[in-house]
Amino acid sequence: MADLVHILNGPNLNLLGRREPDTYGHVTLADIERRCQQAATRLGLAIAFRQRNGEGEIVADIHDAIQTGAAAIIINAAAYTHTSVAIHDALRAFDGLIIEVHLSNIHARESFRHKSLIAPLADGIIAGLGADGYELALQALAWRLSKDDSIEI
Ligand code: CA2
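All of the points below concern the structure found in this document. Values in this document were obtained by computation on a predicted structure and should not be read as measured data.

Let's shift gears to the site of the ligand. Around the ligand there are 17 residues in total, and Asn76, His82, Leu103, Ser104 and Arg113 lie nearest to it. Ala79 is positioned with one of its backbone polar atoms (N or O) 3.4 Å from an oxygen atom of the ligand. One of the backbone N or O atoms of Leu103 is found 2.7 Å from an oxygen atom in the ligand. Against a free-state accessible area of 510 Å², the protein chains account for coverage of 93% of the ligand. In terms of residue class, the shell around the ligand is built from 9 nonpolar, 5 polar and 3 charged.

So this is what it looks like as structure tokens:
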């Protein structure tokens, strides 16, 4: 069975493509979901793609990833990246791989965006590569998960 990857998106990312194109480009979240679905099919992964504006809803999605036995979570928690102990704690309970993704380079922006409460739990972090970051995260996971499945001699 294909490894399941939950792709979780935080508040306001539903506005992508309609506001702040200088920072986030013209791509919409629906475009990103379509690209992720195509990449996942190519890579032999299954995905569950979600966007939530509420912190508790993202926590519930992480619980869902745990309950469904997901192999990995790709998370762009948006503003909650920098503030949410609840999302940090929920991710601590997840045993699979975690990749943190940001469209923009958070380290080249305001200082309040430089701190991530997710980063200490992440197996990898991609920031500043726009929508490509999601696809690159899926590629990295396919590679890592195929190595985990391989028989060591
Ligand atoms: O660069 C990223 O992906 C961010 O996670 C995006 C968040 C921001 O708070 C993080 O610091 C970095 C913001 C997402 C909101 O996106 C909007 C898109 C269009 C219009 C308004 C907000």
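What follows concerns the side chain of Asn9. Examined against the element boundaries, Asn9 turns out to sit in strand 1 (residues 3–9). You can call Asn9 buried: its relative accessible area is 2%. Residue contacts for Asn9: discarding those within four places in its chain leaves Leu29, Phe49, Arg50, Gln51, Arg52, Asn76 and Tyr134.

What follows is about unusual backbone geometry. Of note, Asn12 is a non-glycine position whose phi angle comes to about 75°, a positive value. Mapped onto the elements of the fold, Asn12 is located in the loop between strand 1 and helix 1 (21–24). One non-glycine residue, Ala78, adopts positive backbone phi at about 50°. With respect to the element layout, Ala78 can be found in the loop between strand 3 (72–76) and helix 4 (85–92).

This next bit is on the nonpolar core. Core analysis: the biggest nonpolar cluster contains 28 residues, and Val5, Ile7, Ile32, Ile74 and Leu138 have the highest contact counts within it. Going through the elements one at a time, strand 1, helix 2 (29–43), strand 2 (45–51), strand 3, strand 4 (97–102) and helix 5 (132–149) are the ones with two or more residues in this core. Counting residues per element, this core draws most heavily on helix 5, at 6 residues. Grouped together as the second largest cluster of nonpolar side chains are 15 residues, Ile62, Ala70, Ile75 and Ile87 included.

Most of strand 3 sits inside the fold, with 5 of its 5 residues counted as buried. A two-sided burial pattern is seen for strand 3, the buried positions comprising Ala72, Ile74 and Asn76 on one face and Ile73 and Ile75 on the other. Sheet topology note: the strand 1/strand 3 ladder contains 5 bridges and is parallel. Following the sheet pairing, Leu8 is matched in strand 3 by Ile75. The sheet contact formed by strand 3 and strand 4 spans 4 bridges and is parallel.

Procedures and definitions
Residues numbered from 1 in each chain as written. Predicted model: local features only at pLDDT ≥ 70, side-chain atom pairs only at ≥ 80, totals over all residues. Heavy atoms only, no water. Near = heavy atom within 4 Å. Polar contact = N/O pair within 3.5 Å; in protein donor to acceptor, adjacent residues only side chain to side chain. Areas by Shrake-Rupley, 256 points an atom, 1.4 Å probe, with all protein chains shown as cover. Nonpolar A, V, L, I, M, F, W, Y, C, P; charged D, E, K, R; others polar. Helix = DSSP H or I, 4+ residues; strand = E, 2+ residues; numbered from the N terminus. Buried < 20%, exposed > 50% of the residue type's maximum accessible area, 1.4 Å probe, protein only. Contact = heavy atoms within 4.5 Å. Core = buried A, V, L, I, M, F, W, Y, C linked by side-chain atoms within 4.5 Å. Pairing = 2+ DSSP bridges.

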